[in-house]
Amino acid sequence: MKKNLAITFTAITLVGLSLSPMLSASASDSGVDMPDAFGDEVNNVIFLIPDGFSTAYADSYRLFKEDGPPIWEEKQMLKGMVATHSADSLITDSAAAGTALATGVKTNNGVIGYSPEGEELESIVDLARQAGKKNGLVATSTINHATPAAFAASVEGRNDYEGIAKQLIHHDGIDLLLGGGREQFQSPEQGGIREDGVDLIGEAEDNGFTYMETKRDLLATEADSSKKFLGLFADDALLANFGPSIIEPSLAQMTSFAIDHLSQSDEGFFLMVEGSQIDWVGHDNDAAYAMKDTHAFEEAVKLAVDFAEQDKETLVVIVGDHDTGGLSIQPDDEFNPSNLHDVSMTGADMIQLVDHSFSNLEEVITEETSMTFSGDELERIKKSNDPKMALNTLVSEKAGMAWTSDNHTAIDVPIYAYGPQSTNFTGTIDNTDVFQGIRQALIGN
Ligand SMILES: [Zn+2]
């Protein structure tokens, strides 16, 4: 039972727990299938950001998975730990964290693309463009949300969504934008919410972008290196990924299109892919959503790794911008993350289905979680002034998972890398060092 010994050791090291060998999940063996053909040359970087992801998410996900270790363990991608504090706070927000990862400069919480002194910063997208490379940004949030924004916009306040959207489509280094946020690119007459009344999708088309609006559009469109692509697949963020959507593409489908398109350039490319909603999971303490969104993220990582193995000159980097939720795990035979497989929707969505008198509470949550709830547990939800959080806390307990916060925390986050120059990220490093490692690989000194 070598595999079970491996996981027990890892879990004890991280959170001081012991695991039953009955659990089927397994960490990878040391005999990794590592292609030895990687040289030192980097032409492309695929930077995947699971927003809010910590080691406890990784450990939970290892126990949740039933078909072998996560790709980052199978390929032994773990390189080090990253400190995430911002210029003005030990606990960063996504704007300052995104700016550090994209530009190598720590700024104040809430600020995107400017230093604390107000100096406009150059991002890795700017540097890649100057080196003749193509750039793409992919997210499951609105595409003008803080993390993707940090790579191609500069605003004093992260809530300037109209300003960010405009900068993204006019940035001369951006060749591809895929995510949500359609209403922030449209005037009220078009069904959007832009207060300036501008038709930004029209402006994007005038600026050379081909526009896509549905999964069908994305899957039917040929990648074409002479074109730029704007895909806005939802009015607001994309749906929580509890299974395939008819209308919206998955993160993996967007990532696949992005790699197909950007890799047609001989000069190379930089692609940022954000698993945006892992952070929202942490804010809501929603264990099932955490596992489902990490799964959707892993599917995108697999595509990046496959491409890197074929291409040989692609560096893949994975790091969260900070932890969200302060998750820990105390699993045993009865209560562990594998209990979350049959949960069909977020806790927030379940509470939406419950009437004001809670008369259908038990029916809804039993059906949508495939778990049983005692009378005391149902009372805990009914009596709470935040029934969604009470439900999510209970479901997390039934998965052996517990949260210490409904916000970001200050703990370091794990960094994973694969391909040439993946050792640029070894040890305990700062979030600004992540930028330096990517810059050094993609641009050189
Ligand atoms: Zn974040």
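Scroll up to find the structure this text is about.
For clarity, every value in this text was computed on a predicted model and none was experimentally measured. (Residues numbered from 1 in each chain as written. Predicted model: local features only at pLDDT ≥ 70, side-chain atom pairs only at ≥ 80, totals over all residues. Heavy atoms only, no water.)

**Regarding the sheet that holds strand β8 (residues 314-319)**
The 10 strands lie next to each other as β5-β6-β4-β3-β7-β1-β8-β13-β2-β14, forming an open sheet whose pairing is mixed. Lying at the two open borders of the sheet, with one neighbouring strand each, are β5 (209-212) and β14 (427-430). Mean inter-strand twist for the sheet, computed between neighbouring axes without regard to direction, equals 15°. Where helix α17 (residues 431-442) meets the sheet, it contacts β1 (44-50), β2 (78-83), β7 (269-275), β8, β13 (413-418) and β14, and its direction lies at approximately 95° from that of β14. (Pairing = 2+ DSSP bridges. Helix = DSSP H or I, 4+ residues; strand = E, 2+ residues; numbered from the N terminus. Axes fitted to C-alpha atoms, helices over the stretch in contact; angles between N-to-C directions. Contact = heavy atoms within 4.5 Å.)

**Overview of the coordination of the zinc ion**
Six octahedral donors around a metal ideally sit at 90 or 180 degrees from one another, while four tetrahedral donors ideally sit at 109.5 degrees. Within the protein, the atoms that donate to the zinc ion are D51 (OD), D51 (OD), S94 (OG), D321 (OD) and H322 (NE2), at distances of 1.8 to 2.6 Å. Summarised as a motif, the one-chain spacing of the donors to the zinc ion is D-x42-S-x226-D-H. With D51 in the loop between β1 and α2 (55-64) and H322 in the loop between β8 and β9 (323-324), this residue pair connects regions lying 271 residues apart in the sequence. Here H322 falls in the buried class, since its relative accessible area comes to 0%. (Donors = N, O, S within 2.8 Å, 3.2 Å for Na, K, Ca; no water. Buried < 20%, exposed > 50% of the residue type's maximum accessible area, 1.4 Å probe, protein only.)

**Examining the environment of S60**
By the secondary structure assignment, S60 is in helix α2. Among the residues examined, S60 registers a relative accessible area of 0% and is labelled buried. Sequence-wise, S60 and S338 are 278 residues apart; in three dimensions their C-alpha atoms are separated by 8.8 Å. Contact partners of S60, with chain neighbours within four places excluded, come to M291, L327, I329, P337 and M401.

**Some remarks on the pattern of salt bridges**
The tally for this structure, following the rule as stated, stands at 20 salt bridges. For E73, the salt bridge identified is with R62, shortest N-O distance 2.9 Å. Placement of the pair is E73 in helix α3 (residues 71-74) and R62 in helix α2, with a sequence separation of 11 residues. Considered together, E73 and R62 belong to a single accessibility category, that of buried residues. One salt bridge connects K382 with E379, and the closest N-O pair in it is separated by 3.9 Å. With K382 and E379 both in helix α15 (residues 375-383), this residue pair falls three residues apart, about one helical turn. Judged by its relative accessible area of 33%, E379 is partly exposed. Each member of the salt-bridge network shares a partner with another, and the members are D59, R62 and E73. (Salt bridge = Lys/Arg side-chain N within 4 Å of Asp/Glu carboxyl O.)

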